[in-house]
Amino acid sequence: RSGGEGMSSGKRFQKGVDPDAASIFNRGEELQRLDSQRQTVNIVIIVLAIAGMVLGILENELLWHNRNIPVLSFQLLKLLNSVLTIILFYYVLRYYSIEFELLEVSGKTVMGAPYLQAFVLSGLLWPFITEACIILVHPLPFVNYIVHIWGLDTYCAYSSDAFVSVFMLVRLYYYTPRIIAEVSGLKNEKTRLIGLMNNVDLSYHFILKAMLRDSLLTLLFLFVVSVITMSYAMIVFERPVGPETNLDLFENSVWLIIITMTTVGYGDTYPKTPSGRYVAIFAALLAVVLVALAVGAVTDRLTLSRDESKVLEFIDNIRNKQERKVAAARMLQNGWRAYVKEREMYEKKHGFPPPEQDRPQNRILNQPRYYKAALDYAQMRGESVNGISTDVALTVTENSVSIKRITTSLEDLDKKLAEMHNMIKTAVLGGASTKSTRW
């Protein structure tokens, strides 16, 4: 600052630039540059966090197979993990610094306030503290002691590194939204600007919510992550029991977690330690959330849109209308056959057509085929049509129109044949080349 005046939110980053150059400061380019840095730093954080978690699990497994007796090679692994944790903490500091700069460029910070106060008021302090507490938990070099737990008529002795390695699995849950956001590509300067214009914060949890709604693969990824992490936690907590449990094998732990999360619970395998049962309880509670998300995602996929429903309804109406027309035509056909049959029988019996008061149409209702066809049509009309049906009249009208159209076509064809006949006759008898060529 010069002259005691605070710089504007965007011009704080133009250090060493003259005022004329700062006046043409482009906020879009600055957002793009900062977002590119944020993405790079975020990827480094995710890699370092997962690498530290893998090192912690590796050291814990080696320690268990060595009967919880630490040796120098284990201490070197823990020392390497501490170095990775320090580097990870530095990149976390860098990440939140970039996030604060992005808020400054976007105009979402308190202008003129000291840096620390502006950082606290920006809402980034508590996320930073939470992430720092998660990443700083790791096996410390030359620190190892035994934790004794009694409960459920069992005695279990755990190394301190076992609890630390299980707690380090929280890193995977914490950074899963970031992994999904980076893979989806929804976290960039363009989407951030769109969110600013619509007053929507495109946070990692917002992107996770959107991906869970739109992508079943995201839901499957969360399920796989949950099964793997809780299966390993179950192994760590159950294997000190010794031969009394079969959950010291990874496949058995995976089986138990999946059966628990799907609320089946065969009862053939179950945890025998208090800590193992806590893991099973957490798996059951997490399964409620995952099942609800799965049901919502599947239902959303199977729900037809308004346009799709209209198209399907239109197709059903066309199909039902065609079926009703066929039923109406069948009823008319059977009625006509019954009428002709009754008329022929009357003429054959009396030798003359029936009188007006004794027409056959008054007796065709007693014919079984016509009666059945009429019932089928009435039932179909009652199930498919609301209101008065005009299928019979429509069928008669369409047939009449079709017959008229065919008759007109035949008349036109007769006229054309007559014209062609006259032209041929004139060409042959008259010898007129012009007419012959014309024909």
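Coordinates for the structure precede this section.
Residues numbered from 1 in each chain as written. Predicted model: local features only at pLDDT ≥ 70, side-chain atom pairs only at ≥ 80, totals over all residues. Heavy atoms only, no water.

**Here we look at the pairing of strand β2 (residues 154-159)**
Of the strand pairs in this sheet, strand β1 (residues 146-151) and β2 are connected by six bridges, and their pairing is antiparallel. Opposite Trp-150, over in β2, you have Tyr-155 as the bridge partner. Linking β1 back to β2 in an antiparallel pair, the connection comprises two residues, with Leu-152 at a positive phi of about 55°. (Pairing = 2+ DSSP bridges. Helix = DSSP H or I, 4+ residues; strand = E, 2+ residues; numbered from the N terminus.)

**Concerning the environment of Ala-157**
Positionally, Ala-157 belongs in strand β2. Sequence-wise, Ala-157 and Val-241 are 84 residues apart; in three dimensions their C-alpha atoms are separated by 8.8 Å. Sequence-distant contacts of Ala-157, that is, excluding residues within four places in its chain, are made with Ile-146, Val-147, His-148 and Pro-240. (Contact = heavy atoms within 4.5 Å.)

**A look at the pattern of salt bridges**
If you walk through the whole model with that rule in mind, you get seven salt bridges. Arg-33 serves as the salt-bridge partner of Glu-30, at 2.3 Å between the closest nitrogen and oxygen. Here Arg-33 and Glu-30 lie together in helix α2 (residues 27-65), a separation of three residues that amounts to about one turn. The exposure class assigned to Glu-30 is buried, which follows from its relative accessible area of 8%. Put simply, Glu-182 and Arg-38 hold a salt bridge, and the shortest N to O gap is 3.2 Å. (Salt bridge = Lys/Arg side-chain N within 4 Å of Asp/Glu carboxyl O. Buried < 20%, exposed > 50% of the residue type's maximum accessible area, 1.4 Å probe, protein only.)

**A short note on the side chain of Lys-78**
Tracing the sequence through the fold places Lys-78 in helix α3 (residues 72-105). Ignoring anything within four residues of it in the chain, the contact list for Lys-78 reads Glu-59, Pro-139, Leu-140, Pro-141, Phe-142, Val-143, Asn-144 and Asp-161.

**Some words on the nonpolar core**
Val-92, Ile-257 and Met-261 are the most contacted members of the largest nonpolar core, which totals 64 residues. For this core, the element with the highest residue contribution is α3, accounting for 11 residues. Every residue in contact with Met-261, bar those within four places of it in the chain, is listed here: Phe-223, Ser-226, Val-227, Met-230, Ala-283, Ala-287, Leu-290 and Val-291. With six residues, the next largest nonpolar core counts Ala-328, Tyr-370, Ala-373 and Tyr-377 among its residues. (Core = buried A, V, L, I, M, F, W, Y, C linked by side-chain atoms within 4.5 Å.)

**Notes on helix α7 (residues 170-184)**
Compared with the 21 Å implied by 1.5 Å per residue over 15 residues, the 22 Å span of α7 between its first and last C-alpha is a close match. Along α7, the largest kink reaches about 40° and is centred on Thr-176; proline Pro-177 follows within four residues of it. Among the residues making up α7, those that are buried are Arg-171, Leu-172, Tyr-175, Thr-176, Pro-177, Arg-178, Ile-180, Ala-181 and Glu-182. On its buried face, α7 is in contact with α2, α3, α5 (125-135), α6 (160-167), α9 (204-214) and α10 (216-238). Phi turns positive one or two residues past the end of α7, at Gly-185, with a value near 75°. (Expected span 1.5 Å × (residues − 1). Bend = angle between axes of the 7 residues up to and from the residue.)

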